[in-house]
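Residue-level structure breakdown
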Amino acid sequence: MIAGMKPSFQTAGRLEAVRYEIRGALARRARELEQQGNDVLHLNIGNPGAFGFRTPETMRRAVIRNLPFSEGYGPQAGIFPAREAVAMQFQARGLTDTRYDQVVVGNGVSELVDLTLRSLLEPEDEVLVPAPDYPLWTAAVVLNGGKAVHYQCRESDGFLPDVARIEEQITSKTRAIVVINPNNPTGAVYPEETLQALADLATRHDLIIFSDEIYDSICYEDARFVPMAPLAPETLCVSFGGLSKVYRACGWRVGWAVFTGALERAEDYMLAVEKLAALRLSANVPGQWAVQTALGGYQSIADLVGRDGRLFESRQAVIEACERSRFLELVKPMGAMYAFPSVRTEVFGDFDDHRFAAELLEHKHILIVPGSSFNIPERNHFRITLLPEAEQLTEAFERIDDLLEELADEPQRIRAVK
Ligand SMILES: Cc1ncc(COP(=O)(O)O)c(C=O)c1O
């Protein structure tokens with residue numbers, strides 16, 4: 001503190017446990033570098049619009065046509081056509097009696113993650129969260145007074161959860177389990193047996209399942225997305241989806257949560273979620289008008305993820321670059337829009353992913369997210385998005401490999417500071 005100055009304004013202590021480095025200090029440094037005239041390749045965020053992907057034209061038209069009907073607040077749980085369209089998607093998934101009133105529409109999945117946890121948690125309640133995770137989940141548990149208990153999805157298991165081990169982590173305070181499938185950051189797509197085992201585990205221990213399925217239609221090669229809800233009829237399953245990724249409309253901020261399974265015991269809980277939704281009045285209305293158009297008819301995402309599609313090609317470029325590298329290993333992403341390579345530690349010894357990311361930004365002008373930002377104990381992974389064109393990614397991995405080559409001679413540059 002400078003003499004004579006008043007102390008800084010206070011910051012809530014609970015934020016100390018919150019990590020969101022995807023847009024954190026490294027991203028701020030990237031902005032500074034850009035302001036100095038450097039080009040920085042941003043591989044840190046899965047923001048389709050930033051890489052030239054467009055929202056399907058039919059959806060844009062649906063919003064434009066309905067703009068005149070979007071000026072007032074909407075209903076707190078979402079407009080009827082959007083809720084009904086999501087309910088119909090769940091009917092098509094085998095839950096034939098799903099009704100619109102089981103669907104809550106929010107300002108992206110992000111808001112609904114917060115609302116559903118805030119409606120649930122008492123202090124010290126535990127929620128099982130995958131590690132690595134999309135860090136919003138851990139943050140939202142902590143900010144709502146709960147404790148995130150991480151279950152490890154190990155690289156050596158193809159980043160799949162080990163259900164027997166998860167069972168050992170359940171205590172009398174465990175309230176819910178989070179499943180992210182297809183997974184961000186690993187790209188793992190869970191087989192039906194794994195999902196069924198998770199559903200059975202949750203049912204046995206009376207846990208709510210929060211199934212984050214925002215990447216549901218982004219699967220590569222023979223990977224197949226299996227929705228959780230039909231596998232868990234006897235406990236409460238809350239499935240999350242939205243327009244951000246599959247429909248490339250993340251700026252519109254539209255997501256949904258669908259409540260299925262043991263609804264007869266979930267009435268109070270669903271009312272609590274709706275009460276919180278009412279406190280924020282309504283979600284953005286214009287984007288909601290595109291939900292029905294998005295979910296019905298031709299699904300343009302299939303062209304992007306199928307063989308020769310843009311996302312398929314970008315993923316291929318990353319797989320091949322990792323195969324060529326003597327430093328990197330990769331579990332092939334089978335879904336979503338990220339790759340989560342690891343650096344072979346035998347070459348570097350004590351590798352520090354944050355220092356590596358900082359070196360890569362300073363010297364090669366590439367912004368990545370260090371793996372430990374996704375709440376894992378290992379410090380030799382990083383996440384990149386598959387959204388740039390294949391050539392850009394090939395070039396980026398050449399620069400990554402150049403840096404690793406330099407660091408192999410000077411490993412002290414990326415050793416953990418003790
Ligand atoms: C797994 C996962 N869940 C939720 C979200 C947030 O999505 P939304 O844009 O709907 O808030 C993201 C965004 O990257 C994500 O990767």
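Residues numbered from 1 in each chain as written. Predicted model: local features only at pLDDT ≥ 70, side-chain atom pairs only at ≥ 80, totals over all residues. Heavy atoms only, no water.

An unreviewed UniProt entry annotates the protein as alanine transaminase originating from Wenzhouxiangella sediminis. Quoted verbatim from the Cofactor (unreviewed entry) field of UniProt, the annotation for the protein is "pyridoxal 5'-phosphate". Annotation of the protein in UniProt includes, under Sequence similarities (unreviewed entry), the sentence "Belongs to the class-I pyridoxal-phosphate-dependent aminotransferase family." (UniProt positions renumbered as here; feature names shortened; annotations may be inferred.)

Under the domain assignment, the protein is made up of domain 1 (14-43 + 307-414) and domain 2 (58-295). Computed over C-alpha atoms only, the centres of domain 1 and domain 2 are separated by 28 Å. With 31 residues of domain 1 at the contact, the number on the domain 2 side is 30 residues. Roughly 2,500 Å² of surface becomes buried between domain 1 and domain 2 when both sides are summed, with 62% attributable to carbon and sulfur atoms. For the pair domain 1 and domain 2, the number of links is two salt bridges. Of the charged contacts, one joins R315 and E221 as a salt bridge, the two residues approaching to 2.8 Å between their closest N and O atoms. For the pair domain 1 and domain 2, the number of links is 13 residue pairs in polar contact (both at pLDDT 80 or more). Only α11 (310-324) and β10 (338-339) provide two or more residues apiece to the side of domain 1 that touches domain 2. When the residues that make up the side of domain 1 that touches domain 2 are grouped by side-chain class, the tally is 19 nonpolar, five polar and seven charged. (Domains from an automatic or database assignment. Contact = heavy atoms within 4.5 Å. Buried area = accessible area lost by both parts, 1.4 Å probe. Salt bridge = Lys/Arg side-chain N within 4 Å of Asp/Glu carboxyl O. Polar contact = N/O pair within 3.5 Å; in protein donor to acceptor, adjacent residues only side chain to side chain. Helix = DSSP H or I, 4+ residues; strand = E, 2+ residues; numbered from the N terminus. Nonpolar A, V, L, I, M, F, W, Y, C, P; charged D, E, K, R; others polar.)

Before going further, it helps to spend a moment on the site of the ligand. Residues in contact with the ligand amount to 13 residues; listed here are only the nearest, V109, S110, D212, Y215 and S244. Taking Y215, its side chain carries an N or O atom lying 2.6 Å from an oxygen atom of the ligand. Burial of the ligand by the protein chains amounts to 94% of its free accessible area of 400 Å². Its atoms largely coinciding with the cavity grid, the ligand occupies the largest pocket. Tallied by class, residues from the shell around the ligand come to six nonpolar, four polar and three charged. (Near = heavy atom within 4 Å. Areas by Shrake-Rupley, 256 points an atom, 1.4 Å probe, with all protein chains shown as cover. 1 Å grid on protein atoms, 1.4 Å probe; cavity = no way out; pocket = protein on both sides within 12 Å on 5 of 7 lines; lining within 4 Å. Sits in = over half its atoms within 2 Å of the grid points.)

Before going further, it helps to examine the layout of surface pockets. Of the voids in this model, the largest pocket is the one considered here, and its volume is about 430 Å³. Along the walls of the largest pocket sit 23 residues, with Y20, S110, Y134, K245 and R253 positioned nearest its centre. Looking at the lining of the largest pocket, the element that brings in the most residues is helix α4 (residues 108-118), giving three residues. Partitioning the lining of the largest pocket into residue classes produces eleven nonpolar, seven polar and five charged. Both domains that meet at the lining of the largest pocket, namely domain 1 (14-43 + 307-414) and domain 2 (58-295), each give it at least three residues. (Points joined across faces, edges and corners; volume = space filled by probe spheres on them.)

Attention now moves to the sheet that holds strand β5 (residues 174-180). In space, the seven strands of this open sheet follow the order β2-β8-β7-β6-β5-β3-β4, with mixed pairing throughout. For this open sheet the edge positions go to β2 (103-106) and β4 (147-152), each flanked by a neighbour on one side alone. Direction aside, neighbouring strands of the sheet carry axes that sit 25° apart on average. Pairing between strand β6 (residues 208-212) and strand β7 (residues 236-242): four bridges, direction parallel. Its bridge partner being in β7, I209 is matched across the sheet by C237. Those strands touched by α4 are β2, β3 (126-131), β6, β7 and β8 (255-261), and its axis lies near 160° from that of β7. (Pairing = 2+ DSSP bridges. Axes fitted to C-alpha atoms, helices over the stretch in contact; angles between N-to-C directions.)

For the structure on display, the rule yields twelve aromatic pairs. Ring geometry for F159 versus F340: centroids 5.8 Å apart, planes at 65°, classification edge-to-face. Taken as a pair, F159 in the loop between β4 and α6 (163-168) and F340 in the loop between β10 and β11 (342-343) lie far apart in primary sequence, 181 residues in all. Pairing F340 with F374 gives two aromatic rings, centres 5.8 Å apart and planes at 90°, and the pair type is edge-to-face. Within this pair, whereas F340 is found in the loop between β10 and β11, its partner F374 is found in the loop between β13 (369-370) and β14 (382-385), the two being separated by 34 residues in sequence. (Phe/Tyr/Trp six-rings, centres within 6.5 Å; stacked < 30°, edge-to-face > 60°.)

This part is about the UniProt feature "domain: Aminotransferase class I/classII large" (unreviewed entry) in the protein. Under the local residue numbering, the UniProt record ascribes the feature "domain: Aminotransferase class I/classII large" (unreviewed entry) to residues 39-400. Helix makes up 35% of residues 39-400 and strand 16%. Its end C-alpha atoms lie 16 Å apart.

On the basis of which strands lie adjacent, the open sheet formed by three strands has the order β10-β14-β13 and antiparallel pairing. At either margin of the open sheet sits one strand with a lone partner, and together these are β10 and β13. Pairing between β10 and β14: two bridges, direction antiparallel. Within β14, the position partnered with A339 by the bridge is I384.

All right, on to the nonpolar core then. Grouped burial of nonpolar side chains is what soluble globular proteins tend to show. Of all hydrophobic cores here, the largest spans 135 residues; its most connected members are W137, I177, F210, L243, F356 and I384. Taken together, domain 1 (14-43 + 307-414) and domain 2 (58-295) each give at least three residues to this core, which thus spans both. Residues in contact with I177, not counting those within four places in the same chain, are L128, Y151, I166, L198, L201, A202, L207, I208, I209 and F210. (Core = buried A, V, L, I, M, F, W, Y, C linked by side-chain atoms within 4.5 Å. Buried < 20%, exposed > 50% of the residue type's maximum accessible area, 1.4 Å probe, protein only.)

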